[in-house]
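# Survey of secondary and tertiary structure
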Amino acid sequence: MSPSTITLIFLAFAIVSFVLEKIPLGLTATIVAIGLNLTGVLSTSDTFAGYVNSNVILCIGMFVVGQALFETGTANKIGGLVTRFAKTERMLIVAIMVIVGIMSGFLSNTGTAAVLIPVVCGIADESGYSRSRLLMPLVFAAALGGNLSIIGAPGNLMGVNALQEMGMETSFFMYAPVGIPMLIAGILYFAFIGYRFLPDGNHSGEAVEAQKDYSDVPQWKQIVSLVVLVVVILAMIFEDQIGVKIQISACVGAIILVLTGVISEKEALRSIDLKVVLLFGGSLALAKALETTGAGSLIADAIVGALGANSNPMILLLVIFVVGCALTNFMSNTATTALMVPIATSLAQSLGADPRSMIIATVIACSCAYATPIGMPANTMVVGLGGYKFNDYVKSGLPLIAVSFIICMVLLPILFPFYG
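Residues numbered from 1 in each chain as written. Predicted model: local features only at pLDDT ≥ 70, side-chain atom pairs only at ≥ 80, totals over all residues. Heavy atoms only, no water.

## Structural notes on helix α10 (residues 154-165)
Over its twelve residues, α10 runs 17 Å from end to end, which matches the ideal 16 Å to within 8%, given 1.5 Å per residue. The set of residues buried in α10 consists of G155, N156, L157, M158, G159, V160, N161, A162 and L163. In the core, the buried residues of α10 are packed alongside α4 (54-71), α16 (274-292), α19 (333-351) and α20 (356-365). With its phi angle positive at about 80 degrees, G167 sits one or two positions after the end of α10. (Helix = DSSP H or I, 4+ residues; strand = E, 2+ residues; numbered from the N terminus. Expected span 1.5 Å × (residues − 1). Buried < 20%, exposed > 50% of the residue type's maximum accessible area, 1.4 Å probe, protein only. Contact = heavy atoms within 4.5 Å.)

## With respect to the pattern of salt bridges
In the structure shown here, the tally under the stated rule is three salt bridges. Between K245 and E239 there is a salt bridge, with its nearest N and O atoms 4.0 Å apart. K245 gets classed as exposed once you look at its relative accessible area, which sits at 55%. What makes E239 buried here is its relative accessible area of 18%. (Salt bridge = Lys/Arg side-chain N within 4 Å of Asp/Glu carboxyl O.)

## Looking at the environment of G194
Tracing the backbone through its elements, the reader meets G194 in the loop between α11 (176-192) and α12 (219-237). Taking the relative accessible area as the measure of exposure, G194 reaches 0% and is therefore buried. When the C-alpha atoms of G194 and A250 are compared, they prove to be 37 Å apart, with 56 residues separating the residues in sequence.

## So, helix α14 (residues 246-259)
With 14 residues, α14 should cover 20 Å at 1.5 Å per step; its first-to-last C-alpha distance of 20 Å lies within 8% of that length. Listing the buried residues of α14 in full gives I246, Q247, S249, A250, G253, A254 and L257. Considered in projection along α14, the buried side chains sweep an arc of 165 degrees and stay on one side of the axis. Elements in contact with the buried residues of α14: α4, α12 and α13 (239-242). A positive phi of about 80 degrees marks G261, the residue just after α14. (Arc of directions from axis to C-beta.)

## Here's the deal with the layout of surface pockets
Of the voids in this model, the second largest pocket is the one considered here, and its volume is about 530 Å³. Considering the residues around the second largest pocket, the lining is formed by 25 residues, among which E165, L284, A287, K288 and E291 are closest to the centre. Going through the elements one at a time, α3 (44-49), α10, α16, α17 (295-307) and α19 are the ones with two or more residues in the lining of the second largest pocket. Grouping the constituent residues of the lining of the second largest pocket by class yields eleven nonpolar, ten polar and four charged. (1 Å grid on protein atoms, 1.4 Å probe; cavity = no way out; pocket = protein on both sides within 12 Å on 5 of 7 lines; lining within 4 Å. Points joined across faces, edges and corners; volume = space filled by probe spheres on them. Nonpolar A, V, L, I, M, F, W, Y, C, P; charged D, E, K, R; others polar.)

## Things to note about a nonpolar patch on the surface
Residues F173, L226, V230, L234, I237, F238 and I242 make up a contiguous nonpolar surface patch of roughly 560 Å² in combined accessible area. For the nonpolar patch, the element with the highest residue contribution is α12, accounting for four residues. When you line up the elements, L226 lands in helix α12. (Patch = residues over 30% accessible without salt bridge, like charges linked within 9 Å, V, L, I, M, F, W, Y side chains within 5 Å. Areas by Shrake-Rupley, 256 points an atom, 1.4 Å probe, with all protein chains shown as cover.)

## Quick notes on the environment of K389
Considering the arrangement of structural elements, one finds K389 in the loop between α22 (383-386) and α23 (390-415). Taking relative accessible area as the criterion, K389 reaches 58% and is therefore assigned exposed. A sequence separation of 16 residues divides K389 from P373, and the C-alpha atoms of the two residues are 8.3 Å apart.

## Thoughts on the packing of α10 against α16
Put simply, α10 and α16 touch, their axes get as near as 11 Å, and they point 25 degrees apart. Relative to α16, α10 is oriented roughly parallel. Note on packing geometry: the crossing formed by α10 with α16 is right-handed. In contact with P154, L157, M158 and N161 of α10, α16 contributes V276, F280 and L284. In terms of residue class, the contact of α10 with α16 is made up of six nonpolar, one polar and no charged. (Axes fitted to C-alpha atoms, helices over the stretch in contact; angles between N-to-C directions. Parallel < 35°, antiparallel > 145°, perpendicular 65-115°, else oblique. Left-handed = near helix turned anticlockwise from the far one by under 90°.)

## What to know about the side chain of N109
Note on placement: N109 falls in helix α8 (residues 109-127). Beyond its immediate stretch of four places on either side in the chain, N109 contacts S104, A142, A143, G146, G152 and A153.

## Examining the packing of aromatic side chains
Overall, the coordinates contain nine aromatic pairs when judged by the stated rule. Relative to F173, the ring of F172 lies with its centre 4.9 Å away and its plane at 85 degrees, an arrangement referred to as edge-to-face. Exposure remark for F173: the relative accessible area of 32% places this residue in the partly exposed category. Aromatic pair Y189 and F190: ring centres 4.9 Å apart, planes at 65 degrees, arrangement edge-to-face. Assigned by exposure class, Y189 and F190 land together as buried. Feature note: the residues F140, Y189, F190 and Y370 constitute an aromatic cluster, connected by ring pairs. (Phe/Tyr/Trp six-rings, centres within 6.5 Å; stacked < 30°, edge-to-face > 60°.)

## What about the packing of helix α18 (residues 313-328) against α23?
The N-to-C vectors of α18 and α23 enclose an angle of 150 degrees; their axes lie 11 Å apart at closest approach. Put simply, α18 runs roughly antiparallel to α23. The crossing of α18 and α23 is right-handed. Contacts between α18 and α23 involve M314, L317, L318, F321 and C325 from the former and I401, S404, F405, C408, M409, L412 and P413 from the latter. Grouping the constituent residues of the contact of α18 with α23 by class yields eleven nonpolar, one polar and no charged.

Right, here's the structure in full:
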């Protein structure tokens, strides 16, 4: 059996396993990586290179930096600012989406949602507004905000890594030229149109867990956690000017937080999501196999062949977005990104086109998990609290996906032309 055939078999196994989730995602990715080694497709060094990839280290560092903001109650305090701006339900929706969207650009979007869900439930119960009309905009804003920077979501770094592997330059705000318009459009959509599709709130939701009491957290810890985050982000933005790689900046920030006692070593270690690390590492091994065996090119050639000779890159961009978006609403968005990025890369290479549009479109499409309650963890968190039904996500989420699709299809070819 040829290496390309073996690779395609493992790809098929990964797709089925990611969709069914009978096996944990990280374990599936690890099985694929080890399997590719045992079958001789990958060398031992190539198999494990992904697990110590510099972008995995960046992920780990930012897990700790972000957790400090959550553990000290600083994120909770920032979220409480929404009450100062909101005088009506629509103003409250806009305020929630602005704050959650911005925070999710620099912290874990799932973590941001998890921390602010109790805050918003408390605001809703106190003000008399329906939870069901506030929680869905919150989780959608968390996903939209994840497209503001390369650290907004784990899948973002997979796109960054693919470009770096091809020797292309990346930047901290690589996704922002598309992500910012998407977040603004999403907020405007809910402010003027989307709020009409939100459930009326006649059905009551589950009781929300009590908000954690942060009154005993020293204020200096809250200040230090915020200052460290801001400094780390600034260091990442000005990476070239200061000559310090973004991975080092993240690690330095994490070290300072532990050394100063803002977050304990145990809390820091607990904040590291091993599922993401294992999924990232194993997926990079699969991507390496798709590249070196030519299996990725076979998939790309099959797609191009199905669309006819001299395929238009815009059509391929459309196909990539639709497929990525469809998959991510029924499986992990990080897993979907891991599967789709190598295919998008191969498609761009088969056309001799600049791969940035294809890869950025893939990453963003895989974040558009708005149409189902299982598309992303934050969606699932609010099902019971908001008393939502499956169709509630479809009604509110599909138009938002359409808005995101239009923005991507218009902006990406302009910002990153297929042919220079």
